[in-house]
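Here's the letter readout for the chains.
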Amino acid sequence: MSKIVSSELPKGAFLKAYEAQPDTHTDCYKTSLPKQVSLEGFINAFFTTWLFRIERLILRLAMKKPSSDYDIAEFAKGTTDIMAAWETEQRDKDQVLLRVPNTPIRTWLMRRTDGDQTHLYFGSAILPVRTDKDGKPALGRIFVLLMGFHRLYARALLYFAERTLR
């Protein structure tokens with residue numbers, strides 16, 4: 001059975017740039033597999049799980065941002081920097097940081113190998129979009145309301161990606 005754990009961001013994680021920003025929410029979840037997995041394989045598995053297909057349907061209907069398995073495969077290979085509502089902010093051979101333009105949402109995937117084992121990471125950043133009654137930057141109210149769901153959903157997405165790769 002897969003074990004998904006909340007984790008510190010690993011050294012060199014692109015998401016650390018957002019973690020360092022005050023009043024920004026960041027999270028990181030981790031799982032491991034007893035085999036080598038490429039970033040391309042991880043991206044493909046993550047964005048084509050049955051659970052993420054529901055999100056892709058919502059994006060297609062609500063935001064007019066469709067994505068096919070072919071689109072995801074091209075994005076995973078690095079031949080395009082855009083996939084559905086996301087565009088690449090930063091990428092190397094082990095990780096990718098995505099943003100949804102004109103929103104406070106960032107999505108991050110990373111793989112790190114250790115011998116015959118691959119550690120898979122998934123994280124998010126939500127940037128402040130308003131000021132609270134004291135004038136401090138704050139997350140949007142909808143993000144605060146949905147944070148519990150987000151945490152469960154993030155773990156489930158990583159779980160199903162890991163299960164696909166197993």
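Rules used throughout
Residues numbered from 1 in each chain as written. Predicted model: local features only at pLDDT ≥ 70, side-chain atom pairs only at ≥ 80, totals over all residues. Heavy atoms only, no water. Helix = DSSP H or I, 4+ residues; strand = E, 2+ residues; numbered from the N terminus. Rg over C-alpha atoms; globule rule 2.2 N^0.38 Å. Buried < 20%, exposed > 50% of the residue type's maximum accessible area, 1.4 Å probe, protein only. Contact = heavy atoms within 4.5 Å. Areas by Shrake-Rupley, 256 points an atom, 1.4 Å probe, with all protein chains shown as cover. Lys, Arg positive; Asp, Glu negative; His and termini not counted. Charge placed at Lys NZ, Arg CZ, Asp CG, Glu CD. Axes fitted to C-alpha atoms, helices over the stretch in contact; angles between N-to-C directions. Parallel < 35°, antiparallel > 145°, perpendicular 65-115°, else oblique. Left-handed = near helix turned anticlockwise from the far one by under 90°. Nonpolar A, V, L, I, M, F, W, Y, C, P; charged D, E, K, R; others polar.

Draft legend 1. Here's a closer look at the overall build of the protein chain. Each helix and strand counted, the protein chain has 6 helices and 9 strands in total. On C-alpha atoms alone, the protein chain measures out to a radius of gyration of 16 Å, which is about the 15 Å that the 2.2 N^0.38 rule sets for 166 residues. When the backbone C-alpha atoms are referred to their principal axes, the protein chain occupies close to 50 × 35 × 30 Å. The buried share among the 166 residues of the protein chain stands at 45%. Contacts in the protein chain between residues far apart in sequence, at least 24 positions, make up 58% of those at least 6 positions apart. Accessible surface computed for the protein chain: about 8,900 Å², of which carbon and sulfur atoms make up 55%. Computed over 25 positive and 19 negative side-chain charges, the inter-centroid distance for the protein chain is 4 Å.

Draft legend 2. Summary view of the environment of Phe52. Here Phe52 is to be found in helix H3 (residues 50–63). Distance in space between the C-alpha atoms of Phe52 and Phe160 is 9.1 Å, their sequence separation being 108 residues. Residues contacting Phe52, with those up to four places away along its chain left out, are Phe46, Phe47, Trp86, Tyr153 and Leu157.

Draft legend 3. Representation of the packing of helix H2 (residues 39–47) against helix H4 (residues 69–77). Relative orientation of the contacting elements H2 and H4 amounts to 155°, with a least axis distance of 8 Å. One element, H2, and the other, H4, form an angle in the roughly antiparallel class. Between H2 and H4 lies a crossing of right-handed hand. Taking contact as the criterion, the partners of Glu40, Ile43, Asn44 and Phe47 in H2 are, on H4, Ile72, Ala73, Phe75, Ala76 and Lys77.

Draft legend 4. View of the packing of H2 against helix H6 (residues 147–165). Between H2 and H6, whose axes approach to 8 Å, the crossing angle comes to 120°. Here H2 lies oblique to H6, going by the angle between them. As H2 packs across H6, the resulting crossing turns out to be right-handed. For the pair formed by H2 and H6, the contact residues are Gly41, Phe42, Ala45 and Phe46 on the first element and Leu157, Leu158, Ala161, Thr164 and Leu165 on the second. Across the contact of H2 with H6, the residue classes tally to 7 nonpolar, 2 polar and no charged.

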